[in-house]
Amino acid sequence: MKRLIFIISVLLFINYSCSYLSRKSSGENSALNLSELTTDNFSDKIADNVGKEVTISGRVTHVCRRSGQRLFITGEDSSKTIRVTTGENIPVFDITLEGNMITVRGIVKELIIDEAYLAEWEAEVTDGAAEENKGHEDGLDEHQKEESEGSGTDPLASIQKLREDIAASGKDHLSDYWIETLEFSIVE
Amino acid sequence: MNIRNWIRILHRDTGYIFFGMCIVYGLSGIALNHLDDWNPDYVITHKSFSVSDIPDKDAIGKDWILSVISGADLDVNYRSHYFSGANTLKVFLKEGAITVDIKSGEAQLEQIKRRPVFREVNFLHYNKPKKLWTWFSDIFAVSLIFLASTGLFMVKGKKGITGRGAWLTLLGIIIPLIFLFIYLW
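Residues numbered from 1 in each chain as written. Chains lettered and ligands numbered in written order. Predicted model: local features only at pLDDT ≥ 70, side-chain atom pairs only at ≥ 80, totals over all residues. Heavy atoms only, no water.

Section: the interface of chain B and chain A
Link 1 in the chain: Counting from both sides, the interface comprises 18 residues of chain B and, opposite them, 24 residues of chain A.
Link 2 in the chain: Three residues stand out in chain B for area buried against chain A, namely Lys128, Lys131 and Leu132 of chain B, and they jointly supply 30% of the buried area on that side.
Link 3 in the chain: Counting the contacts that link chain B with chain A gives 3 salt bridges.
Link 4 in the chain: Of the charged contacts in the structure, one is a salt bridge between Arg119 of chain B and Asp94 of chain A, with a shortest N-O distance of 2.9 Å.
Link 5 in the chain: Taken together, the links from chain B to chain A amount to 12 residue pairs in polar contact (both at pLDDT 80 or more).
Link 6 in the chain: Going through the elements one at a time, strand 1 (42-50), strand 2 (78-85), strand 3 (88-93), strand 5 (106-114), helix 4 (118-125) and helix 5 (131-151) of chain B are the ones with two or more residues in the side of chain B that touches chain A.
Link 7 in the chain: When residues in the side of chain B that touches chain A are grouped by element, the largest group, 4 residues, is from strand 2 of chain B. (Contact = heavy atoms within 4.5 Å. Buried area = accessible area lost by both parts, 1.4 Å probe. Salt bridge = Lys/Arg side-chain N within 4 Å of Asp/Glu carboxyl O. Polar contact = N/O pair within 3.5 Å; in protein donor to acceptor, adjacent residues only side chain to side chain. Helix = DSSP H or I, 4+ residues; strand = E, 2+ residues; numbered from the N terminus.)

Here you go:
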């Protein structure tokens, strides 16, 4: 029994050390990659920061009730919100974070919504797989898809709308950005 | 020692080790089976009320909000607020949030409390810790298969797998197959 407890303790220590080292290595690079963003200038600067480590603060306006895997923060301009997802070191966001000011250190992620993405989504809908695969893992936010699929709006109409938005943008794609959390802290 | 004795010993000791895990996954299994009926992690309650004498949007601040909370006799603690829409005031509380339509005066209090025990077992069942927990829960899953398999051979005779046990086992396999035939295949 003592040997078993010792083995379990060693394994837990190794598990914690691996987590610590991965966090530390991110921290060592942060001096090179950190850039100050705000929720208000996020949309202007975000395209230049994809894949980079950023620090951003904002007030939590919503935490996903179903999974706790994502939350939204806002700043002075409450019309601008930023989606923040959990990461390897953060398993879940507590709903009670809502209303708190938090500072998030994370990696900026981008999903490119182009014709290939829309065609795949369209195939899921027409194959009847939309219910099982509601919300891509790292794609269009589940809330956004649920808003279109769950609120009575035809998902195919939403897909068509996105195609029109792409055409109107003058580019061959739209971009969806979010921050994948490395660590966060409550400011107030 | 014969094979049946070894089966009993291993079944017994594996059962002891994973008793806790069976309770964790059993409880969370019940909780997650009824996701359409409830939120297994939080107790969320709603209460509607009306707000009168709403000032202009620019004049709405913490003091006015505190007076609304007091006037509605709500036992809550203000944290912060912001306007989530042109006419929608959202007040964050330590216990949840109040959403107020400043045009109509309709307000709704949403109170959120963590659901003890279920929140913890669901956290584990969803494999939120990842890493080492994934290994441990995979070992548990394999052990469940082991426990089920060895359980078939615990008893000899007419109440064992060669007697009544065979029919009960068959019944336990046929029931899920029926559901698969009806709903999937």
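A word on helix 1 (residues 3-17) of chain B
Link 1 in the chain: For helix 1 of chain B, with 15 residues, the first-to-last C-alpha span of 21 Å sits near the 21 Å given by 1.5 Å per residue.
Link 2 in the chain: N-capping of helix 1 of chain B is provided by Asn2 of chain B, with a side-chain oxygen placed 3.1 Å from the backbone N of Arg4 of chain B. (Expected span 1.5 Å × (residues − 1).)

What about the sheet that holds strand 5 of chain B?
Residues and elements named next belong to chain B.
Link 1 in the chain: Here 5 strands make up an open sheet; going across it, the order is 1-5-4-3-2 and the pairing antiparallel. Of all the strands in the sheet, just strand 1 and strand 2 have a single pairing partner and so form its edges. When strand polarity is set aside, the average angle formed by the axes of neighbouring strands in this sheet is 20°.
Link 2 in the chain: Seen against the sheet, helix 3 (residues 62-71) touches strand 1, strand 2, strand 3 and strand 4 (96-101) and runs at an angle of roughly 105° to strand 2. (Pairing = 2+ DSSP bridges. Axes fitted to C-alpha atoms, helices over the stretch in contact; angles between N-to-C directions.)

Topic: the packing of helix 3 (residues 115-126) of chain A against helix 5 (residues 155-169) of chain A
Residue and element names in this part refer to chain A.
Link 1 in the chain: Remark: helix 3 packs on helix 5, axes separated minimally by 10 Å, with the N-to-C direction vectors making an angle of 170°. One way to sum up the angle between helix 3 and helix 5 is to call them roughly antiparallel. Across the interface between the two elements, Glu115, Leu118, Ala119, Trp121, Glu122, Val125 and Thr126 from helix 3 touch Pro155, Leu156, Ser158, Ile159, Leu162, Arg163 and Ile166 from helix 5.
Link 2 in the chain: Residues of the contact of helix 3 with helix 5, tallied by class, amount to 9 nonpolar, 2 polar and 3 charged. (Parallel < 35°, antiparallel > 145°, perpendicular 65-115°, else oblique. Nonpolar A, V, L, I, M, F, W, Y, C, P; charged D, E, K, R; others polar.)

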